[in-house]
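Structural features, examined
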Amino acid sequence: MIRFENVTKIYKGDFPALEDINLEFKEGEFVSIVGQSGAGKSTLLKLIYAEEKPTSGTVFFDEKPLDSISGRKLPSHRREIGMVFQDFKLLPRKTAFENVAYALEVAGASNDEISENVSQILDIVGLGDKVEKYPNQLSGGEQQRVALARALIHRPRIIIADEPTGNLDPVSSWEIIQLIMKINELGTTVLLASHDKYVIDKLNRRVIVLDGGKIIGDYPKGKYKLV
Ligand code: ADP
């Protein structure tokens, strides 16, 4: 589904953020990407979202090189991907319902479509009773559930979660991870960047270890051991 071929990314004259990456993600996989801050995790995810371009090499999506996706086709590429971040990125003056609905409004959905889909997705993430709450009336874990609902609203094929538990306590973290696992079991590919070793260990899925922009380990399910 996604393939990196000799991908190097250098931000303006700096040392490489990613260096000669060769990597494949298959449809349906749940892959954790671990590594210290600055290892290149976010850069790798941004290349998939086509938010950044490789300095050299190619990222393929469904065997099509991403650099051939023109500006006009970029929104449809991005609708295949739901993004979730450490800081939730919710709109503070909109309710949970409105935060999720907004993504559909922008895409031109009708009011009927919006009310049906948004309620359904908020139910799936367990927030059916909090749809009218504003972000500051919700716990961190609940805010991340809203962010996940928003990421899911276009029924993406991939969820990219960049440190989704970075601002959460251990209990909420594990609840969010379990929810992401459930979404994966329903068929969505998941790429999770995290430096939460507890979460990665408990997940027991494929783990890619990045260090200084290079892959220093790629462990199949069950083979990653905490050091
Ligand atoms: P991680 O997500 O593992 O913390 P990043 O991909 O964010 O790592 O960063 C990898 C390297 O690239 C770091 O050295 C970082 O400072 C650098 N970097 C990331 N984004 C930019 C940017 N927009 N401009 C310049 N340097 C950047």
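Summary of the structure given here. Here the residue numbering is sequential within each chain, running from 1 through the sequence in written order. Reporting of local features is limited, given that this is a predicted model, to residues whose pLDDT is at least 70; pairs of side-chain atoms are given and counted only at 80 or more, and all residues count toward the totals for whole chains, interfaces and linings. Side-chain figures throughout are based on the complete set of non-hydrogen atoms in the structure, without hydrogens or water.

Points about helix α4 (residues 111-124)
One turn of the α-helix equals 3.6 residues, which is why residues spaced by three or four share an orientation. The helix and strand labels rest on DSSP assignments: H or I over at least four residues marks a helix, E over at least two residues marks a strand, and numbering proceeds from the N terminus. Multiplying one less than the number of residues by 1.5 Å gives the expected span of a helix. Between its first and last C-alpha, α4 extends 20 Å over 14 residues, near the 20 Å set by a 1.5 Å rise per residue. Residues of α4 that are buried include every one of Ile114, Asn117, Val118, Ile121 and Leu122, and no others. Down the axis of α4, the smallest arc covering the buried residues is 125°, so these residues share one side. Seen from the open side of α4, the exposed residues pointing more than 90 degrees away from its buried face are Asp112, Glu116 and Asp123. Where α4 is buried, its residues meet α3 (96-106) and α5 (140-152). Looking one or two residues beyond α4, the residue adopting positive phi is Gly126, at roughly 80°. Accessibility here uses a 1.4 Å probe with only protein chains present; expressed as a share of the type maximum, an area under 20% marks a residue as buried, one over 50% as exposed, and anything in between as partly exposed. Directions from the helix axis toward the C-beta atoms define the arc. By the convention used here, residues are in contact when the closest approach between their heavy atoms is within 4.5 Å.

Here we look at the pairing of strand β1 (residues 2-9)
Note: β1 against strand β2 (residues 18-25), five bridges, orientation antiparallel. Each residue of the ladder has a partner; that of Lys9, found in β2, is Leu18. The pairing criterion is simple: DSSP has to find at least two bridges between the two strands.

Observations regarding helix α6 (residues 170-185)
Look at α6: 22 Å from first C-alpha to last across 16 residues, which is about the 22 Å you get at 1.5 Å a residue. Looking only at α6, the buried set comprises Ser172, Ser173, Trp174, Ile176, Ile177, Leu179, Ile180, Met181, Ile183 and Asn184. Residues of α6 that are buried sit in contact with β3 (30-34), α4, α5, β7 (158-162), β8 (189-193) and α7 (197-203). N-cap assignment for α6: the residue whose side-chain oxygen lies 3.0 Å from the backbone N of Val171 is Asp169. Taken from the residues just after α6, Gly187 is the one with a positive phi, measuring 115°. Definition of a polar contact: a pair of N or O atoms within 3.5 Å, with one able to donate and the other able to accept a hydrogen when the atoms are protein atoms, and with sequence-neighbouring residues admitted only if both atoms are side-chain atoms.

Side note on the site of the ligand
Every residue lining the ligand is accounted for by Tyr11, Phe15, Ala17, Gln36, Ser37, Gly38, Ala39, Gly40, Lys41, Ser42 and Thr43. Gly38 is positioned with one of its backbone polar atoms (N or O) 2.7 Å from an oxygen atom of the ligand. Between the ligand and Gly40 there is a distance of 3.0 Å, counted from an oxygen atom to a backbone nitrogen or oxygen. The protein chains hide 63% of the 560 Å² of surface that the ligand would expose on its own. Partitioned by chemical class, the residues of the shell around the ligand number four nonpolar, six polar and one charged. For this purpose, a residue is taken to be near a molecule or strand whenever a single non-hydrogen atom of the residue falls within 4 Å of it. Here the open area of atoms and residues is found with the Shrake-Rupley method and a 1.4 Å probe, where only the protein chains shown may cover a residue. Note on residue categories: nonpolar means Ala, Val, Leu, Ile, Met, Phe, Trp, Tyr, Cys or Pro, charged means Asp, Glu, Lys or Arg, and polar means any other residue, Gly included.

Worth remembering: the numbers are spatial, not functional.
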